[in-house]
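# Descriptive structure summary
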Amino acid sequence: LRMPLTDDVEAVGRSLEGLQAVGATALHDAIVHALYYFRGTHGQKVLVLLSDGDDTSSEIPFKDALEYAKRSGVAIYTIGLNVPAFATGVRSKLGSLAQETGGQTYYISKATELAAIYERIGAELRSRYLLAFNAERKAGDKSYHAVDVKVLKRGLKARTAHGYYP
């Protein structure tokens, strides 16, 4: 909401200066709202989600936010900042969002670690490949189709969304 989609990193940085997190957390609502902005955009789409805790005030249930994320075609990279190991609810949500959309989850204990995480995400995004295939489709089929990508060469790993909607 601070600024429209842009590739101007410096402008994004300036727009976030002085921003403070206060009050309740509507994590599920924020995910859906953020993903809505990607509609109609082309090319590689990625959302980086930084959270320090679980949802406390969303109107949208997590299962609906996850479903919206799966349909969006946006890879979600999640970062849990100072999220305790025993906070299994939020860790499960962050992990599911990343895993189902082809992203990755990171947990850090200090904000000073963010620069290194952002650097890792950027490096991964620069090394991605696009795989396309033509699947048979029955008329009117709008169901979720699982996809499993395997890499034959040792030491390499494929990270992808677990499926798609036609």
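This text gives an overview of the structure that appears in the document.

About the thresholds
Residues numbered from 1 in each chain as written. Predicted model: local features only at pLDDT ≥ 70, side-chain atom pairs only at ≥ 80, totals over all residues. Heavy atoms only, no water. Buried < 20%, exposed > 50% of the residue type's maximum accessible area, 1.4 Å probe, protein only. Helix = DSSP H or I, 4+ residues; strand = E, 2+ residues; numbered from the N terminus. Pairing = 2+ DSSP bridges. Right-handed = clockwise from strand over helix to strand, strands pointing away. Axes fitted to C-alpha atoms, helices over the stretch in contact; angles between N-to-C directions. Contact = heavy atoms within 4.5 Å.

Turning our attention to the pairing of strand E3 (residues 105–108). The side-chain alternation of E3 yields one buried face, formed by Tyr106 and Ile108, and one unburied face, formed by Thr105 and Tyr107. By the bridge criterion, 4 bridges tie strand E2 (residues 75–81) to E3 in an arrangement that is parallel. Bridging across to E3, isoleucine 79 finds its partner in tyrosine 106. In this fold, the crossover linking E2 to E3 by way of helix H4 (residues 88–101) has right-handed handedness.

Right, let's get into the sheet that holds E2. Sheets are built from strands paired through backbone hydrogen bonds, the pairs being either parallel or antiparallel. Strand order in the open sheet formed by 3 strands is E1-E2-E3, with parallel pairing between adjacent strands. Taken across any chain shown, the strands that pair with only one partner, and hence form the sheet edges, are strand E1 (46–51) and E3. Each adjacent strand pair in this sheet contributes to an overall mean axis angle of 15°, direction not counted. Taken together, the 6 bridges between E1 and E2 define a ladder with parallel strand orientation. Note that in E2 the partner of valine 46 across the bridge is alanine 75. Of the strands in this sheet, E1, E2 and E3 touch H4, which is tilted by about 155° from E2.

Moving on, we come to unusual backbone geometry. With a phi angle near 55°, asparagine 82 is a residue other than glycine that sits in the positive phi range. If you trace the backbone, asparagine 82 turns up in the loop between E2 and H4. The class for asparagine 82 is exposed, based on a relative accessible area of 54%.

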